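Coordinate analysis (summary)
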Amino acid sequence: MCFKLRLKPLVMTSTVGQVIRCRAAVAWEAGKPLVMEEVEVAPPQANEVRVKILFTSLCHTDVYFWEAKGQNPLFPRIYGHEAGGIVESVGEGVTDLKPGDHVLPVFTGECKECAHCKSEESNMCDLLRINTDRGVMLNDGKSRFSINGKPIYHFVGTSTFSEYTVIHVGCLAKINPLAPLDKVCVLSCGISTGLGATLNVAKPAKGSTVAVFGLGAVGLAAAEGARIAGASRIIGVDLNSNRFEEAKKFGATEFVNPKDYNKPVQEVIAEMTNGGVDRSVECTGNIDAMISAFECVHDGWGVAVLVGVPHKDAVFKTHPMNLLNERTLKGTFFGNYKPRSDLPSVVEKYMSKELEVEKFITHTVPFSEINKAFEYMLRGEGLRCIIRMEE
Ligand code: NAD
Ligand code: ZN
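So, here is what we can say about the structure in this document. (Residues numbered from 1 in each chain as written. Chains lettered and ligands numbered in written order. Predicted model: local features only at pLDDT ≥ 70, side-chain atom pairs only at ≥ 80, totals over all residues. Heavy atoms only, no water.)

Lining the immediate surroundings of ligand 1 are 22 residues, of which His60, Asp238, Val307, Thr332 and Phe334 lie closest. In this structure, an oxygen atom belonging to ligand 1 sits 2.8 Å away from a side-chain N or O atom of histidine 60. In this structure, an oxygen atom belonging to ligand 1 sits 2.6 Å away from a side-chain N or O atom of aspartate 238. In isolation ligand 1 offers 870 Å² of accessible surface; the protein chains occlude 79% of this area. The residue inventory of the shell around ligand 1, partitioned by class, reads eleven nonpolar, nine polar and two charged. (Near = heavy atom within 4 Å. Polar contact = N/O pair within 3.5 Å; in protein donor to acceptor, adjacent residues only side chain to side chain. Areas by Shrake-Rupley, 256 points an atom, 1.4 Å probe, with all protein chains shown as cover. Nonpolar A, V, L, I, M, F, W, Y, C, P; charged D, E, K, R; others polar.)

In this section: helix H5 (residues 190-202). Look at H5: 17 Å from first C-alpha to last across 13 residues, which is about the 18 Å you get at 1.5 Å a residue. Its maximal kink placed at glycine 196, H5 deviates by approximately 35°. Of all the 13 residues making up H5, eleven are buried; the element is thus mostly covered by neighbouring parts of the structure. Positive phi appears at lysine 203, one or two residues downstream of H5, with a value of about 45°. (Helix = DSSP H or I, 4+ residues; strand = E, 2+ residues; numbered from the N terminus. Expected span 1.5 Å × (residues − 1). Bend = angle between axes of the 7 residues up to and from the residue. Buried < 20%, exposed > 50% of the residue type's maximum accessible area, 1.4 Å probe, protein only.)

Strand order across the open sheet formed by six strands is E12-E11-E10-E13-E14-E15, with parallel pairing between neighbours. Either end of the sheet is taken by a strand with one partner, and the two such strands are strand E12 (254-256) and strand E15 (328-331). Taken pair by pair, the neighbouring strands of this sheet meet at an average axis angle of 20°, ignoring direction. Bridging between strand E10 (residues 209-213) and strand E11 (residues 233-237) involves five bridges; their strand directions are parallel. Within E11, the position partnered with alanine 211 by the bridge is isoleucine 235. Set on the sheet, H5 makes contact with strand E13 (279-282), strand E14 (303-306) and E15; between it and E13 the angle comes to about 145°. (Pairing = 2+ DSSP bridges. Axes fitted to C-alpha atoms, helices over the stretch in contact; angles between N-to-C directions. Contact = heavy atoms within 4.5 Å.)

Take the pattern of salt bridges next. With the rule as written, the count across this model stands at 25 salt bridges. In this structure, arginine 21 engages glutamate 40 in a salt bridge whose closest nitrogen and oxygen atoms are separated by 2.3 Å. With arginine 21 in strand E1 (residues 20-26) and glutamate 40 in strand E2 (residues 35-41), this pair connects stretches of sequence that are 19 residues apart. One salt bridge connects glutamate 271 with lysine 263, and the closest N-O pair in it is separated by 3.0 Å. In this structure glutamate 271 comes out as exposed when scored by relative accessible area, which is 55%. When its relative accessible area of 31% is taken as the criterion, lysine 263 is described as partly exposed. Sharing partners across several salt bridges, the network here consists of Glu224, Arg227, Glu356 and Lys359. (Salt bridge = Lys/Arg side-chain N within 4 Å of Asp/Glu carboxyl O.)

The next thing to look at is the packing of helix H2 (residues 60-67) against helix H12 (residues 370-378). Direction vectors running N to C along H2 and H12 enclose 95°, while the axes themselves pass 11 Å from each other. For the element pair H2 / H12, the angle class is roughly perpendicular. Along its contact with H2, which presents His60, Val63, Trp66 and Glu67, the element H12 presents Phe374, Met377 and Leu378. Of the residues that constitute the contact of H2 with H12, the class distribution is five nonpolar, one polar and one charged. (Parallel < 35°, antiparallel > 145°, perpendicular 65-115°, else oblique.)

Turning our attention to the coordination of the zinc ion (ligand 2). A four-donor tetrahedral metal ideally has 109.5 degree angles, and a six-donor octahedral metal ideally has angles of 90 or 180 degrees. At 2.3 to 2.4 Å from the zinc ion (ligand 2) lie its protein donor atoms, namely Cys111 (SG), Cys114 (SG), Cys117 (SG) and Cys125 (SG). If you look at the zinc ion (ligand 2), its four donor atoms make angles of 104 to 121° with each other, and the shape they trace is tetrahedral. Along the chain, the residues donating to the zinc ion (ligand 2) fall in the pattern C-x2-C-x2-C-x7-C. Residue classification places cysteine 125 among the buried positions, given a relative accessible area of 0%. (Donors = N, O, S within 2.8 Å, 3.2 Å for Na, K, Ca; no water. Tetrahedral: all angles 85-135°; square planar, octahedral: opposite > 155°, others 65-115°.)

Right, let's talk about the pairing of E2 for a bit. Side-chain positions along a regular strand alternate between the two faces of the sheet. Here seven bridges tie E1 to E2, and the two strands are oriented antiparallel to one another. Paired with alanine 24 across the bridge in E2 is glutamate 37.

So this is what it looks like as structure tokens:
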């Protein structure tokens, strides 16, 4: 036991500045199962960090770009962006992180220098904002992954389906080392998005009424935010009534399936709530749900927040009177959290037991069985599947 403990740090320091050979799940073609390969991971360059990933989970965005329907296909590629790991080594100029630090990679970044990073209101960093088309690192326009000299593309700057990955320092949140990475890894994308949409943007007052459209992981996190904020009624709206039972665990108190009514769901909600909800959060990506989410808020003070990513040709249509009657429409990206500045505090919400994360985790698989996680998601089973890198 003692021997093992002493060996670990030695192994870690000996890899600094060296190429690391490790396992990665490579997507060679759109929609085809990932293949476990031995890849070479180059050392981090300026402002980059090489991270040993311990746990990663699968999010819809990985599946969406792996299916590559309607976007530029970029293969071979290493997907993965919801994860937790430990810093192995840092490149030149990195002062915020050191080997051994616990980190959550984030698909969007915070350079701390651009106008957005300097604004208290924005988290849409100019330098490191999500870019799904770029498969290389910013520093030299090249990939840090290769197999026999052939480059393998990165995904959203994180590529966490690899035992080691290289990430820009601005896309890493340094978190409390006591936080269990097998749980808090899910906070690096979808859960924080939904939670932040409610807590940072909708901001429901204690005792208020909140409608959540779409009860996937993001919507359930939005409901969890409403529960934490002390909302008295949380109305879950979904086309799939199977989601309702699960949603109760996240604080939802009532349910509406738009398919059960022959009038618009915004009218149903207005009748249930004496004129409309105080806040609504849309987490479906469906344009009709977005419009309903806006039109179901109370005039005079209601605020609707859009989270879902719509179809590229979608158009939001509503009568301007709905806005003149003092309803507010907002949108949010990553729950308005600044990855480096704010994510550590979301982890602390979990540590202080204010935020419950376990209920989002419905499956766990070893890395070698990562394709099972894809199957669960494609079948719509469960919420989050944790992939543990150590078998
Ligand atoms: P999900 O597919 O698991 O859940 C979506 C739910 O919405 C499903 O249960 C579905 O039945 C329901 N739904 C679909 N159309 C509906 C309608 N018209 N009315 C009511 N319910 C409807 O997805 P998820 O992982 O929870 O993500 C939700 C959305 O959030 C997606 O669009 C995703 O792209 C987006 N997202 C946005 C951000 C951001 O920063 N803005 C970040 C992550 C995810
Ligand atoms: Zn920035």
